[in-house]
Structure formats: C-alpha cells, structure tokens
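Structural description and commentary
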Amino acid sequence: MRCSDESNYSKPLPWMGLYVAAASLACTFAMATDAVLGVRKRKLWFPCKYFSLNATSLALIAIATKLPVDLNTTMPRWEDQLTKLSGTIFLCTAMGNFLPSLGKLSDEETISNVVALGISVITIIVNIGIQMGTGVIFVFWPEHVIIMFFMLVLLVIVVSSALTISTTKQLLEEQYNQKYELALDETDEPNNFSVEKLRESVKKYWMMAHTCSPQYVLGRSALCCASGAFCLLSALILVEAVLRAQLTGMRGFCDGESDYEWSTMIIFVSQFIAIVVGTVAPASRWFNSMSFSGSQFRGRYNQPNFWVEKYWVQRLVEWKESALPFPMANRRLRRMAYSLRSRILNFCIQIQKAVVITSKLIRLASTLCIFLLSKLISLCCKRLFFLKGTLGTMSMSSSNSANGEFVLHLEGEEGLVHLIMKKGSEATQQCIQMGRKLQPTHFLELLNKCTEGFRGVGEFDTEEVESIVPEKPPNCWSLPLVTLLTIAISLPGTDRYSIEQLLKGIYEGLRYVKLIEKNLDTKGLTNMRDAADFVWQRIDVLDRWFDYDLYKSRHEEQNAEEVIRKLADISKTRLQVFVKQDGDKKNHLEWPAEVLAANSMYRVSHTILMKHISKTEKVEDLFKWLCTTIADIFGACLTNLPRVISMECICSRIEVREASVREAAYLLGKTEKILKKVRQDGFSGLNIDTMKDIDELRNTLYSSEV
C-alpha cells in the first residue's frame, strides 16, 4: 500500500496565501470606491454602495480571515503572528464599514446576513481563544484580547442597529408622507414656473429624501459613532503592534519557517492597506456624529441626553407583547413558554438600552475630548485651519431656516434640525453648482434663434398635405427635429461650419427632449421615438437619410427645391410600398420605425415645398428658417422640463428616492439658463388669447398634452 508524503500537504499554502491577499484587496477596492464616492458627493457619513453586508462581502471576509482561524498551521515568526492580528482587525474594519448598509436591506436579508456575520465573528473569537490557549498565538496576545473584545462589541452594535432599522424606516416613511403632502401644497403648477421657485422646490424634496434615508439615519446615530471609534482604535492597535515589533527587535526571537512562506508578508501588506483605507469611512462617521452633538457645548441646538428613545426598543417590545409564534395545546406549557420568552426579551431590552447609553457616552466623551483639544490648540494658534474648517461645523447660523420643517428626524434629534438642514442645503447647492459647470453652450446658442411664442411649432406640418398612409400618426418632439435637421444638412451651398454648429446644438438638446418624451409619453409612442433615434444615428454617424447621401447632395443637386423633392420622392416610395404590403396595419403603434421616419419626411418636405420654398429666394434664408423652426420646437418642448424635474423629485421607492432628487438638482443646474431663456421667449409679453393660440400649436406634439 502506497503512503502519502506529509511534506506535500503544506505546498499549496503559499498560493492559498495569494488567494487570501486577493480577497483582502477586493474588499479594499470596494471600500475605497465607497470612500471616493462619499468624498465626491460630500457625504461624509459614507453610504455603502459597493461594500455592503451581503453574501459576496461575507464570502470575501471569510477568505480574508483564513489565517486567524487556522488552528494547526505552523506560523512561528513575528510576521506570521502579526498577520493573524491584521486578519482580526480587518474584520473589525469591515463591520464598521458596512454598518449603514443595514438601512437598504429588507427584514429577511437583514436577519440572514446578521446571523451569518455573527457565526463568522463567534467562530473567529473561539479559534483565537483556542490558539492563545495552545500557544499557537504567543506574540501580540494583549492586542488579540483587545481586538476580540472590539469584535464582540461591534457585533452587538450591528445586531442592535438591525433591531432598530425596521422601526426607524417606518417612522421616517410616515413623516415623509406628511411632509410630501405639505410640499405638494406649496409647489406651484409646473407651467407657471420660475427658476427660483423650482430651485426652492427641489431643495425641499432633497431635504426630505436625504434626511429619510435609512443609511443617513444610521450614519449619524450614536451606534455608528461608537463603531467608528472602535474601528479607529483597532487601526491604532495594529500600528502599535508594528511599531513594537520593530522597536523591540523581535526579528530574531524565533527562527522557524511558516508554512505560508513568502505569501505571509503579501497578506499582511494587503490587509494593512485594507485597514488604512477602510478606517476612513468609520472614522469620518465618528467625527461627523460628533459634529452633530458638538454644538451642545455652546448651548445652542442640542442638549446631551442619556435616555433611550422608544424606537430603539420598540421592535423588542412588540415581540414581547405578541402572541406565541407556535401553537401549544397545554395551557401550562403556554404560560411557561410565554414567561420564558418575556424574560429573554426583557434581558435583550436591557442589553439594547445599555448599548445605546454606552454609545451615547462614547460620543459625548469623544466630543468633549475633541472640544477641549480644539480649545487648547486655539490658545496656541488663533487661526488654525483645522479649528476653522472642521470644528466650525459645530456652530452655525440659522440660515435657510425656511426649509427646516422638511427635515425628517427621529425622537431625540429635535435639536439637530438646523445642523442637518444646513448640511443638506449645502449638498443640494453642490449638485446644482455641478450642473451649472456643464451648461450646453451650443444648444443655448441654438435657442437664441427662437421666435416669440415658438411660432415655428405650427409651421413645419400642414393639413393641406395629402396623407399616403391610412391615418395620420401623432407626432413626438424628436422626430420632426431630426427630419428638419436632415433637410437643413442636405441643402446645397450651405457652409460646413453652420451645419457643424447646428449638429452640436441638436446633439446637446436631444438628451433633454428624450428625457421629456420618456417621462411624459402617455400614448405609448415608443416606435415614434425609435424612428427619431434611427434617423439621428444615421445622420450623426453616416451623413445619410436612409441610403441617401446628404453630404453628396450638397454638391451634386442644382438647387434646394430639387433636393427637397428628392427626399419627398424617396419617402413617398417607401410609404407606398408599406401601404401595398402592410395596408392592414392601420394602428400607427404597429408601424416600423422606418415607415414613421419616411412619413415625417414626406409631410415636412411637402409642407416646405407648398408653404416656404417660394418665399425664400436664397438657400441661406431657407436654412435660417429651418434653424429657427428647430429652435422653436426645442423651446416649446422644454417648457415641459419643470414638470419633468418635479417628477424626478417625486419618487415613492425609498431605495432610489435620494438619487432621483439628486439627479433632478443636477438637471436643474444644467438647464437653469435654458429655462430662463424658454420662459423669456415663450411667455413674456403675451396676452391670454395669444397664449391660447400657442398652446394649440404646442398641442400638435403629444408631450404638451400631458
């Protein structure tokens, strides 16, 4: 019988070490991405988007913490012992990072993931205890004891937050519904908009969406502050262990060789980087939470409280008062089960209260230390940047107090309303400012050609054109735009620069038109928008309308009338083929995109031949009319933009509510000049009768009817 060579058992371990390092770096990348996004969006409570409490992150953490749970692999060197310590600290950092992500999980996901996390943490604590007892861990044992305590505390904080978040969501949603009705009552009709009022409306909706975000509520809570403090202390303990190893000369204390060989140091470096990067978010939440409570030393908004608000224990109380989850025929057994459950839940309630009060004490102690330190520094440096830039957030004026009633808050946070409101207003203003930096300059130049009242909206299509198809389909905004653009490009004698400027302006404007059509289409004209996309793509990429070379026509055709007749004949031929082959398709919703594009070209080209070609002696005049008509259609379409911005603000799903309002604020910043221009050209100086005529013209395009 062949015997196996035991020396071969440890050969794969160095490659397993690379696998552990790769898992650590994957977590590092996810945590770094969340940190970068938080800084860019000035969300210094760092919401979790990529590194959350889910199956993927738990699997990566299980791989990254392989060394701390390895009971029998030889790891005698101080580098090996330090790597075991870095694995346990990495777990503390991970728990501190994904704590706010509990806010975006469902109840079922929260229970399953928290239970899985608890099993992992308890397993690591037990295994480390066994290794300390058997002598496998014989260096840095004081640090291991402290980190084991921190892991247990962080697990309790995660469980406490999980027990609270469901009740918190319910309370915030009730407040949101009340504030939402109030905001609707105060919002003007979109058609009577002003940019200033629209900006204030967006700020109100942003304040509501931002402050009702469960992740934000967890991020500013005392529990998250305490978790940040423990994560920061864990990172400092690792730094202390490294310095102690270097300064006390541990290099020669043991000459053994690790089974992980050269991969041990790679694991340690990768986890050290992960701990440094991962500490940013918890430490920032710790300081951000202190900034909310720091004003109490000035006696302005918030007074320290050490009572436990109802929502912290409400779910446990509901469980205690509910019926037994399983039937029991024997009354005596029912009484015993009910009594046992009550005692267990009473104990859990007391634990929950102790965790909350301890977290508040940690936040208060941290705030007091930072406050006293800042006072000490201010005596040495009167204009210290740190004091002015960071601790300055603890004192603020009561500016923008008008939106204070739209700040959603929990019991015990009444004194934080002004602080939350200021930070929320700054975030909204930042989104608007970011949009202002990306103004569509070429599109604004095109809009300067608008006529008063957008008269061109009713001039590109006339009822005098006989229809070839069974019925005249309704129009959308984008299809006549690209049809008129096709004709403008094909005109002979037009200079290339003017065409390029027109193309750039339409390219920038179509994104807003498509957004309006997507939100306000009540007739299901998807194929109509597909037709516009079909025409635009061929123009933008190939300089063609169907197979007709528009660039070539500018040089071969003799005059503008011949070019337009050529386009009309091509579209007529395509329509006749469609009617002959598919004449039974009377519903325009069933028509192919090519047919709708051809029908639009047929009607627009014949309208120009009947109404406008005889009035324009020069090609330049016709090109100018086409540009003006395009600008008028854009202007009339964009009067719907305030309605779309308002619709972006009104989102019922709590998961995407904040992102939707942020996008609305960004869109408002990008289109402020457009909205002012549209309002000035479309509405100023017009009486009621004239406005009615303009509405009739605008209603030829379906979006204005919504």
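Residues numbered from 1 in each chain as written. Predicted model: local features only at pLDDT ≥ 70, side-chain atom pairs only at ≥ 80, totals over all residues. Heavy atoms only, no water.

Attention now goes to the overall build of the chain. A tally of regular secondary structure across the chain gives 25 helices and two strands. For the chain, the proportion of its 706 residues judged to be buried stands at 52%. When contacts within the chain are restricted to residue pairs at least 6 apart in sequence, those whose partners lie at least 24 apart make up 85%. Of the roughly 32600 Å² of accessible surface on the chain, a fraction of 57% belongs to carbon and sulfur atoms. (Helix = DSSP H or I, 4+ residues; strand = E, 2+ residues; numbered from the N terminus. Buried < 20%, exposed > 50% of the residue type's maximum accessible area, 1.4 Å probe, protein only. Contact = heavy atoms within 4.5 Å. Areas by Shrake-Rupley, 256 points an atom, 1.4 Å probe, with all protein chains shown as cover.)

What follows deals with the environment of Ala337. Tracing the sequence through the fold places Ala337 in helix α12 (residues 331–380). Judged by its relative accessible area of 18%, Ala337 is buried. Excluding its chain neighbours within four sequence positions, the residues that come into contact with Ala337 are Leu324 and Met328.

A cluster of basic residues, Arg40, Lys41, Lys49 and Lys104, forms a positive patch at the surface. Mapped onto the elements of the fold, Lys104 is located in the loop between α4 (78–97) and α5 (107–134). We classify Lys104 as partly exposed; its relative accessible area is 36%. (Patch = residues over 30% accessible without salt bridge, like charges linked within 9 Å, V, L, I, M, F, W, Y side chains within 5 Å. Salt bridge = Lys/Arg side-chain N within 4 Å of Asp/Glu carboxyl O. Lys, Arg positive; Asp, Glu negative; His and termini not counted. Charge placed at Lys NZ, Arg CZ, Asp CG, Glu CD.)

Before going further, it helps to examine the environment of Gln576. With respect to the helices and strands, the residue Gln576 is situated in helix α20 (residues 560–582). Among the residues examined, Gln576 registers a relative accessible area of 42% and is labelled partly exposed. In sequence terms Gln576 and Ile468 are 108 residues apart; their C-alpha atoms lie 7.1 Å from each other.

Packed helix pairs are characterised by how far apart their axes lie and by the angle those axes make with each other. As a packed pair, helix α18 (residues 526–542) and helix α21 (residues 593–612) sit with axes 8 Å apart at the nearest point and diverge in direction by 75 degrees. Our classification of the angle between α18 and α21 gives roughly perpendicular. Residues Asn527, Met528, Asp530, Ala531, Phe534 and Val535 of α18 pack against Ala593, Glu594, Leu596 and Ala597 of α21. Class assignment of the residues belonging to the contact of α18 with α21 gives a composition of seven nonpolar, one polar and two charged. (Axes fitted to C-alpha atoms, helices over the stretch in contact; angles between N-to-C directions. Parallel < 35°, antiparallel > 145°, perpendicular 65-115°, else oblique. Nonpolar A, V, L, I, M, F, W, Y, C, P; charged D, E, K, R; others polar.)

All chains considered together, the criterion is met by 14 aromatic pairs. Aromatic side chains Tyr176 and Tyr180 sit 6.1 Å apart centroid to centroid with 20 degrees between the ring planes, which places their arrangement in the stacked category. Taken as a pair, Tyr176 and Tyr180 lie in helix α6 (residues 141–186) at a separation of four residues, close to a single helical turn. The class for Tyr176 is buried, based on a relative accessible area of 4%. (Phe/Tyr/Trp six-rings, centres within 6.5 Å; stacked < 30°, edge-to-face > 60°.)

Turning next to unusual backbone geometry. One non-glycine residue with positive phi stands out, namely Phe46, at about 50 degrees. Relative to the helices and strands, Phe46 resides in the loop between α1 (13–40) and α2 (55–64). With a phi close to 55 degrees, Phe546 is a non-glycine residue in the positive phi region. If you trace the backbone, Phe546 turns up in the loop between β1 (544–545) and β2 (548–549). Judged by relative accessible area, which is 6%, Phe546 ranks as buried.

Before going further, it helps to spend a moment on the confidence of the model for the chain. Mean pLDDT for the chain: 81, with 84% of residues reaching 70 or above. Per-element confidence in the chain is highest for α2, whose mean pLDDT is 93, and lowest for helix α13 (residues 385–389), whose mean pLDDT is 42. For residues 296–302, every residue scores under 50 in pLDDT, and the model assigns this stretch 24 contacts once sequence neighbours within four places are set aside. Within the model, the stretch residues 683–694 combines pLDDT values under 50 with 15 contacts to residues more than four positions away or in other chains. (pLDDT = per-residue confidence, 0-100.)

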